[in-house]
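Fold and geometry: a report
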Amino acid sequence: MTEKKTAPVDRETFRALVDAYGSSPHRWPDAIRDPAVSFMETEEGRALVADAAQLDAILFRLQPPVPPAGLAAGILADGETWRTRRQRFRRWAISAGLVGIGLAGGLTGAVAVAVITPPPALSINGTMTAFGELQFDSELTQETP
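The structure contained in this document is the topic of the report that follows. All values reported here derive from a predicted model rather than from experimental measurement. (Residues numbered from 1 in each chain as written. Predicted model: local features only at pLDDT ≥ 70, side-chain atom pairs only at ≥ 80, totals over all residues. Heavy atoms only, no water.)

Moving on to the overall build of the chain. In terms of regular secondary structure, the chain is built from five helices and two strands. Reading the secondary structure of the chain in the N-to-C direction produces α-α-α-α-β-β-α. Counting every position in the chain, which comprises 145 residues, the buried fraction comes to 12%. Counting only contacts in the chain whose residues sit at least 6 apart along the sequence, the fraction spanning at least 24 positions is 45%. Just so you have it, the chain exposes about 12100 Å², and 65% of that area is on carbon and sulfur atoms. (Helix = DSSP H or I, 4+ residues; strand = E, 2+ residues; numbered from the N terminus. Buried < 20%, exposed > 50% of the residue type's maximum accessible area, 1.4 Å probe, protein only. Contact = heavy atoms within 4.5 Å. Areas by Shrake-Rupley, 256 points an atom, 1.4 Å probe, with all protein chains shown as cover.)

This part is about the packing of helix α1 (residues 11-21) against helix α3 (residues 43-61). Working note: a packed helix pair is described by the angle between its axes plus the distance between those axes. Between α1 and α3, the shortest axis-to-axis distance is 10 Å and the interhelical angle comes to 20 degrees. Here α3 runs roughly parallel to α1, going by the angle between their axes. As for the relative orientation of α1 and α3, their crossing is right-handed in sense. For the pair α1 and α3, contact is made by Arg11, Phe14, Arg15 and Val18 and by Glu44, Gly45, Leu48, Val49 and Ala52, respectively. Class assignment for the residues of the contact of α1 with α3 results in five nonpolar, one polar and three charged. (Axes fitted to C-alpha atoms, helices over the stretch in contact; angles between N-to-C directions. Parallel < 35°, antiparallel > 145°, perpendicular 65-115°, else oblique. Left-handed = near helix turned anticlockwise from the far one by under 90°. Nonpolar A, V, L, I, M, F, W, Y, C, P; charged D, E, K, R; others polar.)

Looking at the second largest pocket, its volume works out to about 160 Å³. Surrounding the second largest pocket, Arg15, Val18, Asp19, Ala20, Tyr21, Gly22, Leu48, Asp51, Ala52, Leu55, Asp56 and Leu59 form its lining. Among the secondary structure elements, those contributing two or more residues to the lining of the second largest pocket are α1 and α3. A breakdown of the residues in the lining of the second largest pocket according to their chemical character gives seven nonpolar, one polar and four charged. (1 Å grid on protein atoms, 1.4 Å probe; cavity = no way out; pocket = protein on both sides within 12 Å on 5 of 7 lines; lining within 4 Å. Points joined across faces, edges and corners; volume = space filled by probe spheres on them.)

What follows covers the pattern of salt bridges. According to the stated counting rule, one finds five salt bridges in the structure shown. Here Glu44 ties to Arg11 by a salt bridge, and the two come within 3.3 Å at their closest N and O atoms. In this pair, Glu44 is assigned in helix α3 and Arg11 in helix α1, connecting sequence segments 33 residues apart. Residue Arg11 is classed as partly exposed on the basis of its relative accessible area of 32%. (Salt bridge = Lys/Arg side-chain N within 4 Å of Asp/Glu carboxyl O.)

A ring pair, where both rings are aromatic, is described by two values, the distance of the centres and the angle of the planes. What the rule picks out here adds up to three aromatic pairs. Ring plane angle 50 degrees and centroid distance 4.9 Å describe the contact between Phe14 and Phe39, whose orientation is recorded as tilted. Residue Phe14 is found in helix α1, and its partner Phe39 is found in helix α2 (residues 30-40); the two are separated by 25 residues along the sequence. Comparing Phe14 with Phe39, the two get one shared label, buried. Through a chain of ring-to-ring contacts, the aromatic side chains of Phe14, Trp28 and Phe39 assemble into a single cluster. Over the ring of Trp82 we find Arg85, and its NZ or CZ is 5.2 Å from the ring centre. (Phe/Tyr/Trp six-rings, centres within 6.5 Å; stacked < 30°, edge-to-face > 60°. Lys NZ or Arg CZ within 6 Å of the ring centre and 35° of its normal.)

Together, Leu55, Ile58, Leu59 and Leu62 make up a nonpolar patch on the protein surface, roughly 390 Å² of accessible area in all. Tracing the sequence through the fold places Leu59 in helix α3. (Patch = residues over 30% accessible without salt bridge, like charges linked within 9 Å, V, L, I, M, F, W, Y side chains within 5 Å.)

Have a look at this one:
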């Protein structure tokens, strides 16, 4: 198995690495860890790691600030408010969509009837419909043998 050769780390790259990730090599990215550990063994590397270790020690002793008591409750209440608004909007949008579909269907039906229905001038008597001539019961019984 051949090892992958990586470029050696220079002082500025090592300083940026230590500033970003601290003095402990286990927090460094895997891709640069091996060359950085090699640079850490130099005099300059030990000095930079010593400075970073002091900063790490100070940061580990600091306690994070405690948020105000009402902050978490306020965030949860705001989240619930937004969820409720989103649900109301979704219901309104569905209702509006159904109303729109109903209106479109009604308009389509009205247009279809208007197109199919013959104009009033063509009807000679009052028995003409869009589906043909109306027949009376007496006419129906005469046609059947």
